[in-house]
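# What the coordinates show
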Amino acid sequence: MLVRRIARPLLASSFIYGGIDTLRNPQSRVPGATPIVEQITEVADKQLPVQVSKDVEQWVKIDAAVKVGAGSLFALGKFPRLSALLLAGSIVPTTLAGHRFWEHDDPKERFGQLSHFLKNLGLFGGLLIATVDTEGKPSVGWWTRKTAGKAAAAAEASYEKASKKAAKAQKKAAKQVKKVTH
């Protein structure tokens, strides 16, 4: 559909641009990302069996690379649901790290950060819609329910067939026991 061909690149553009800018100058994002990375790595260290890197600049670069890669795929319409999901996942820490409006006392600064925070929430909402957009094709959920229904029907038919065979075998065994005992 024409709307998707126009909307996807428009939605992806800020991610691609921001990712490239961050890859060129990751140090500018490190101070804002530090508290978020510290929280994530602390939880990850408790939950995961492996040691997670605490290098904030490395995490900033990884996030930027995800934005460029997933944004490019999304803009081109390649793996659009997966790339939208990756972008949605990457915008959460970016928003929490970069637009902490609640920490600002200056009304102008607070308003600017709140505006960016709300803009990112809007982008997040658009990406969530894109993650479930099946382009008119049946969804994974529909295929799962259809397949599960077929599997249940086949299992029931197999059970009925096996029950009939078991009943026949039981009758045959009973007849043979009767012959032997008489």
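Here's what I pulled together on the structure shown here. (Residues numbered from 1 in each chain as written. Predicted model: local features only at pLDDT ≥ 70, side-chain atom pairs only at ≥ 80, totals over all residues. Heavy atoms only, no water.)

## Brief notes about helix α5 (residues 107-132)
Along its 26 residues, α5 runs 38 Å from first to last C-alpha, staying within 8% of the 38 Å computed at 1.5 Å per residue. Of all the positions in α5, only Gln-113, Phe-117, Asn-120, Leu-123, Leu-127, Ala-130 and Thr-131 are classed as buried. Among the structural elements, α1 (2-24), α3 (56-76) and α4 (80-98) are those in contact with the buried residues of α5. (Helix = DSSP H or I, 4+ residues; strand = E, 2+ residues; numbered from the N terminus. Expected span 1.5 Å × (residues − 1). Buried < 20%, exposed > 50% of the residue type's maximum accessible area, 1.4 Å probe, protein only. Contact = heavy atoms within 4.5 Å.)

## Section: the pattern of salt bridges
The full count for this structure, using the stated rule, is 9 salt bridges. Taking the shortest distance from any N to any O, the salt bridge between Lys-67 and Asp-63 comes out at 2.7 Å. Here Asp-63 and Lys-67 lie together in helix α3, a separation of 4 residues that amounts to about one turn. With relative accessibility at 22%, the residue Asp-63 sits in the partly exposed group. Look at the salt bridges and you will find they share partners, linking Arg-4, Arg-8, Asp-133 and Glu-135 into a network. (Salt bridge = Lys/Arg side-chain N within 4 Å of Asp/Glu carboxyl O.)

## A look at the packing of aromatic side chains
According to the stated counting rule, one finds 3 aromatic pairs in the structure shown. An angle of 80 degrees between the planes, with centres 5.1 Å apart, marks the rings of Phe-101 and Trp-102 as edge-to-face. A relative accessible area of 18% means that Phe-101 is categorised as buried. A relative accessible area of 40% places Trp-102 in the partly exposed class. Between the aromatic rings of Trp-102 and Phe-117, the centroid separation amounts to 6.1 Å while the plane-to-plane angle is 90 degrees, which identifies the pairing as edge-to-face. (Phe/Tyr/Trp six-rings, centres within 6.5 Å; stacked < 30°, edge-to-face > 60°.)

## Here we look at a nonpolar patch on the surface
Taken together, Leu-73, Phe-79, Leu-82, Leu-85 and Leu-86 make up a surface patch of nonpolar side chains, about 500 Å² in accessible area. Turning to its location among the elements, Leu-85 is positioned in helix α4. (Patch = residues over 30% accessible without salt bridge, like charges linked within 9 Å, V, L, I, M, F, W, Y side chains within 5 Å. Areas by Shrake-Rupley, 256 points an atom, 1.4 Å probe, with all protein chains shown as cover.)

## As for the packing of α3 against α4
Relative to each other, α3 and α4 sit at 150 degrees, their axes nearing to 9 Å. As the angle between them shows, α3 and α4 are arranged roughly antiparallel. Crossing of α3 over α4 shows left-handed handedness. Residues Asp-63, Val-66, Lys-67, Ala-70, Gly-71, Leu-73 and Phe-74 of α3 touch α4, and the partners they reach there are Pro-80, Ser-83, Ala-84, Leu-86, Leu-87, Ser-90, Ile-91 and Thr-94. Here the contact of α3 with α4 is built from residues that sort into 9 nonpolar, 4 polar and 2 charged. (Axes fitted to C-alpha atoms, helices over the stretch in contact; angles between N-to-C directions. Parallel < 35°, antiparallel > 145°, perpendicular 65-115°, else oblique. Left-handed = near helix turned anticlockwise from the far one by under 90°. Nonpolar A, V, L, I, M, F, W, Y, C, P; charged D, E, K, R; others polar.)

## Things to note about the nonpolar core
Counting 13 residues, the largest nonpolar core has Leu-11, Phe-15, Phe-74, Ala-84, Leu-87, Leu-123 and Leu-127 as the members making the most contacts within it. Those elements that provide at least two residues to this core are α1, α3, α4 and α5. By size, the runner-up hydrophobic cluster in this structure holds 7 residues, among which are Ile-36, Val-37, Val-56 and Val-60. (Core = buried A, V, L, I, M, F, W, Y, C linked by side-chain atoms within 4.5 Å.)

## Things to note about the packing of α1 against α5
With their axes 11 Å apart at the nearest point, α1 and α5 run at an angle of 125 degrees to one another. The orientation of α1 with respect to α5, classified from their angle, is oblique. Here the hand of the crossing between α1 and α5 comes out left-handed. When α1 is examined against α5, the residues Leu-11, Ser-14 and Phe-15 are found in contact with a partner set consisting of Leu-123, Gly-126 and Leu-127.

By themselves, these figures tell us nothing about what the structure is for.
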